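Chain by chain, the residues:
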Amino acid sequence: MKESANIRIRVCPKCGKSYCGVPALSRADNSPICSDCGTREALESIGVKSEEQEQILNAMHRSMRA
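None of these values were measured; they are calculated from a predicted model. (Residues numbered from 1 in each chain as written. Predicted model: local features only at pLDDT ≥ 70, side-chain atom pairs only at ≥ 80, totals over all residues. Heavy atoms only, no water.)

Asks: What's the story with the nonpolar core in this structure? I'm lost.
Replies: Nonpolar side chains in soluble globular proteins tend to be buried together. Formed by Cys12, Tyr19, Ala24, Ile33, Cys34 and Cys37, the largest nonpolar core amounts to six residues. Not counting residues up to four positions away in its chain, the partners in contact with cysteine 34 are Cys12, Cys15, Tyr19 and Ala24. (Core = buried A, V, L, I, M, F, W, Y, C linked by side-chain atoms within 4.5 Å. Buried < 20%, exposed > 50% of the residue type's maximum accessible area, 1.4 Å probe, protein only. Contact = heavy atoms within 4.5 Å.)

In structure tokens:
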């Protein structure tokens, strides 16, 4: 079976950034959003402040590049 090489680029409605891959679902309205915004929503739901959310996301991005 031949696999498709199509990569779908989407624009996140929350932050406006382009992303590819499987979208996260917004907790607010179940719409597709980028994984960073999905992570931010999840962290916010457990009381993590914005500054710490960014630190967590930066650490995640660094670990994915390594």
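Asks: I'm lost on the pattern of salt bridges in this one. Help?
Replies: Between side chains of opposite charge, a pair can form as their charged atoms come close. All chains considered together, the criterion is met by two salt bridges. A salt bridge links glutamate 41 to lysine 14; the shortest N-O distance between them is 2.8 Å. Placement of glutamate 41 in helix H1 (residues 35–45) and of lysine 14 in the loop between strand E1 (9–11) and strand E2 (18–20) is noted, with a sequence separation of 27 residues between them. Accessibility expressed as a relative area gives 10% for glutamate 41, which makes it buried. In this structure, glutamate 54 engages arginine 40 in a salt bridge whose closest nitrogen and oxygen atoms are separated by 2.8 Å. One end of the pair, glutamate 54, is in helix H2 (residues 50–65); the other, arginine 40, is in helix H1, and 14 residues separate them in sequence. Assessed through its relative accessible area of 32%, glutamate 54 is described here as partly exposed. Accessibility expressed as a relative area gives 23% for arginine 40, which makes it partly exposed. (Salt bridge = Lys/Arg side-chain N within 4 Å of Asp/Glu carboxyl O. Helix = DSSP H or I, 4+ residues; strand = E, 2+ residues; numbered from the N terminus.)

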